[in-house]
Amino acid sequence: MLFSHLILTSILPLYTLGLDLDTSDSSSICDAASIIATGALHYYDGSTYGGSVGCFKPPYYWWEYGVAFGSLIRFQHLCQNTSYEDMIYTALLSQAGDEHNYQPTNQSNTEGNDDQATWGLTVLEAAEYSFKDPKQNGNPYSWTELAENVFDAIYKRWDEDSCNGGLRWQYNKDRGGYNYKATIANSNLFQMSARLARLTGDEKYVTAAKEIYNWIMGAGLAYEGEWGTEVYDGTYTDDNCTDVTKVLWTYNYGVLLGGTAYLYDVTKDETWKDRTNKIILGSQTLYNNSVLYERACQTYNICNTDQRVFKAVYARYLAQASKLIPDFEETITGLIKPSAEAAAKSCSGGSDGVTCGLSWNDDGWDGYYGLGEQLNALEIIQNLLINDRDGPKKHK
């Protein structure tokens, strides 16, 4: 999967067909997903001699590791394939940190609120889909309890001293971005609270979710307009959060709509259903000829390492919304299917002929490759099965 630019360019014309994907056939979907997952793990460091368990190779960041393991947990559930169970289990526990809240010392120089919350969402995947239980193997915490630890650690950082609330992007004052209240940090915490409410039945998480969502909207990080909701990137504390960075990213839409869908399932309040619908409508500006497109960076061919995994996050929670709100199933399937077909065609590069690309609008592989490209394709394809499998576990 790792090649020089010269080799990539020279082999590009050899593969144009991509993966063989029949979007109506679960076996075909899982065969394609398995190939893509295998490709993603070519970048995993924890299975190599001297490598770090739970970590992927440079240039990937710790939050992306969390996204990857969440995708693999969903692969196990959606395709009933336990090939990676032990590897995932070991990785999740290895990164939990001494306080069991996903603040490992080996990431102390890079971890922000959004990174930590990403891992919290990953262990919620494990809890909701009854992934191998750590308590049954002598560990002190269940997946749900680990997620609660993450939530508690982050929620304590809620900052009323600037902008009337909200989370800063970074929690370390010495780190760049401390003066930025990022939508992703707040949306991740919002979704965590909604899912913990659903999983535990504890009303305090509903209260927290409503507080976080109201702050996001009140600070202008999302705007509910006539044609749907726009979700922006963040705002600076330097000007008391009056100047919003109005860049649109797929993952901000995905995390926010996932949270509103979960909260609808908890409360059955039609307001949350309507909010979910409006975010989905607003997200359609992120499609190009019915295919998902990271417009803010793909338009200019400037997507960085982080941005090249955003579509995976969006695809995951868009699909989850169709499971939580069945009335949206037809609409969401209509959004997923064309992108899944296009993603499969993009997975036609590399020396193996099945390496996935970034652009799904090209007729074949575009020459990009990496962990993000693999996870994007994995999520959009495997989630074709979201409504054929049991939904996430919840409090009775």
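As a reminder, the structure under discussion sits directly above these lines.
Residues numbered from 1 in each chain as written. Predicted model: local features only at pLDDT ≥ 70, side-chain atom pairs only at ≥ 80, totals over all residues. Heavy atoms only, no water.

Visitor: What is the right way to read the packing of helix α3 (residues 62–79) against helix α5 (residues 113–128) from this model?
Guide: Two packed helices can be described by the angle between their axes and the distance between those axes. Between α3 and α5, the shortest axis-to-axis distance is 8 Å and the interhelical angle comes to 15°. Regarding the angle of α3 to α5, the classification is roughly parallel. As for the relative orientation of α3 and α5, their crossing is left-handed in sense. On the side of α3, the interface is formed by Trp62, Trp63, Tyr65, Gly66, Val67, Phe69, Gly70, Ile73 and Arg74, while α5 contributes Asp115, Gln116, Thr118, Trp119, Thr122, Glu125 and Ala126. When the residues that make up the contact of α3 with α5 are grouped by side-chain class, the tally is eight nonpolar, five polar and three charged. (Axes fitted to C-alpha atoms, helices over the stretch in contact; angles between N-to-C directions. Helix = DSSP H or I, 4+ residues; strand = E, 2+ residues; numbered from the N terminus. Parallel < 35°, antiparallel > 145°, perpendicular 65-115°, else oblique. Left-handed = near helix turned anticlockwise from the far one by under 90°. Contact = heavy atoms within 4.5 Å. Nonpolar A, V, L, I, M, F, W, Y, C, P; charged D, E, K, R; others polar.)

Visitor: For this particular structure, what's the right way to read empty space enclosed by the protein?
Guide: Following the criterion strictly, the structure yields one cavity of 30 Å³ or more and no others. The volume enclosed by the largest cavity comes to roughly 110 Å³. What lines the largest cavity is a set of 13 residues, and nearest its centre among them are Trp63, Val67, Thr118, Asn188 and Val313. Here the element with the most residues in the lining of the largest cavity is α5; it accounts for four residues. Among the residues making up the lining of the largest cavity, the classes are represented as eight nonpolar, three polar and two charged. (1 Å grid on protein atoms, 1.4 Å probe; cavity = no way out; pocket = protein on both sides within 12 Å on 5 of 7 lines; lining within 4 Å. Points joined across faces, edges and corners; volume = space filled by probe spheres on them.)

Visitor: So what exactly am I meant to see when it comes to the pairing of strand β3 (residues 228–231) here?
Guide: The side chains of a regular strand alternate between both faces of the sheet. In terms of strand pairing, strand β2 (residues 222–225) meets β3 through four bridges, oriented antiparallel. Counterpart to glutamate 224 in the pairing with β3 is threonine 229. The turn linking β2 back onto β3 is made up of two residues. (Pairing = 2+ DSSP bridges.)

Visitor: What is the right way to look at the state of the cysteines in this model?
Guide: Covalent bonding between the sulfur atoms of two cysteines defines a disulfide. In this structure the tally under the stated criterion is four disulfides. Bridging cysteine 30 to cysteine 79, the disulfide has an S-S length of 2.2 Å. Torsion about the S-S bond of the cysteine 30 and cysteine 79 cystine: about -95°, corresponding to left-handed handedness. Of this pair, cysteine 30 sits in helix α2 (residues 26–40) while cysteine 79 sits in helix α3, and the two are 49 residues apart along the sequence. Here cysteine 30 falls in the buried class, since its relative accessible area comes to 14%. Looking at cysteine 79, the relative accessible area reads 12%, which means it is buried. Sulfur-sulfur distance for the disulfide between cysteine 297 and cysteine 303 comes to 2.0 Å. Judged by the sign of its S-S torsion, about 90°, the bond between cysteine 297 and cysteine 303 is right-handed. In this pair, the class of cysteine 297 matches that of cysteine 303, namely buried. For the protein, the bonded cysteines connect in the pattern 1-2, 3-4, 5-6, 7-8 when numbered consecutively along the sequence. (Disulfide = S-S within 2.5 Å. Buried < 20%, exposed > 50% of the residue type's maximum accessible area, 1.4 Å probe, protein only.)

Visitor: Honestly, the sheet that holds strand β4 (residues 234–236) in this entry has me stumped. Any pointers?
Guide: Strand pairing within a sheet occurs via backbone hydrogen bonds; the two strands may be parallel or antiparallel. The strand order across the open sheet built from three strands is β1-β4-β5, with neighbouring strands paired in antiparallel fashion. In this open sheet, the two edge strands, each paired with only one partner strand, are β1 (180–182) and β5 (244–245). Two strands pair when backbone bridges link them, and β4 and β5 are joined in this way by two bridges, in the antiparallel orientation. Paired with threonine 235 across the two strands is valine 244, which belongs to β5. Across the sheet, helix α7 (residues 183–200) lies against β1 and β4, angled at about 45° from β1, the strand it touches most.

Visitor: What am I meant to see in the packing of aromatic side chains here?
Guide: Any aromatic ring pair is given by two values, namely how distant the centres are and how the planes are angled relative to each other. The tally for this structure, following the rule as stated, stands at 25 aromatic pairs. Grouping aromatic residues by their ring pairs yields a cluster made of Tyr44, Phe56, Trp62, Tyr65, Phe69, Tyr102 and Trp119. When the ring centre of tyrosine 178 is taken as reference, the NZ or CZ atom of arginine 168 above it lies at 4.2 Å. Above the plane of the ring of tryptophan 272 lies arginine 275, whose end atom (NZ or CZ) is 4.5 Å from the centre. (Phe/Tyr/Trp six-rings, centres within 6.5 Å; stacked < 30°, edge-to-face > 60°. Lys NZ or Arg CZ within 6 Å of the ring centre and 35° of its normal.)

Visitor: What exactly am I supposed to notice about helix α6 (residues 143–155) here?
Guide: With 13 residues, α6 ought to run about 18 Å at 1.5 Å a step, and its terminal C-alpha atoms sit 18 Å apart, in line with that. Within the span of α6, buried status applies to Trp143, Thr144, Leu146, Ala147, Val150, Phe151, Ala153 and Ile154. For α6, the elements touching its buried residues are α4 (85–94), α5, α7 and α8 (203–218). (Expected span 1.5 Å × (residues − 1).)

Visitor: Help me understand the pattern of salt bridges in this model?
Guide: Any two side chains of opposite charge can pair, on the condition that their charged atoms come close. The full count for this structure, using the stated rule, is 16 salt bridges. Of the charged contacts, one joins lysine 273 and aspartate 327 as a salt bridge, the two residues approaching to 2.4 Å between their closest N and O atoms. Separated by 54 residues along the polypeptide, lysine 273 in helix α10 (residues 270–283) and aspartate 327 in the loop between α12 (310–324) and α13 (329–346) bring together distant segments of the chain. Look at aspartate 327 and you get exposed, because its relative accessible area is 56%. Among the ionic pairs, lysine 278 bridges to aspartate 274, the shortest N-O distance being 3.2 Å. With lysine 278 and aspartate 274 both in helix α10 and four residues apart, this pair spans about one turn of that helix. The exposure class assigned to aspartate 274 is partly exposed, which follows from its relative accessible area of 34%. (Salt bridge = Lys/Arg side-chain N within 4 Å of Asp/Glu carboxyl O.)

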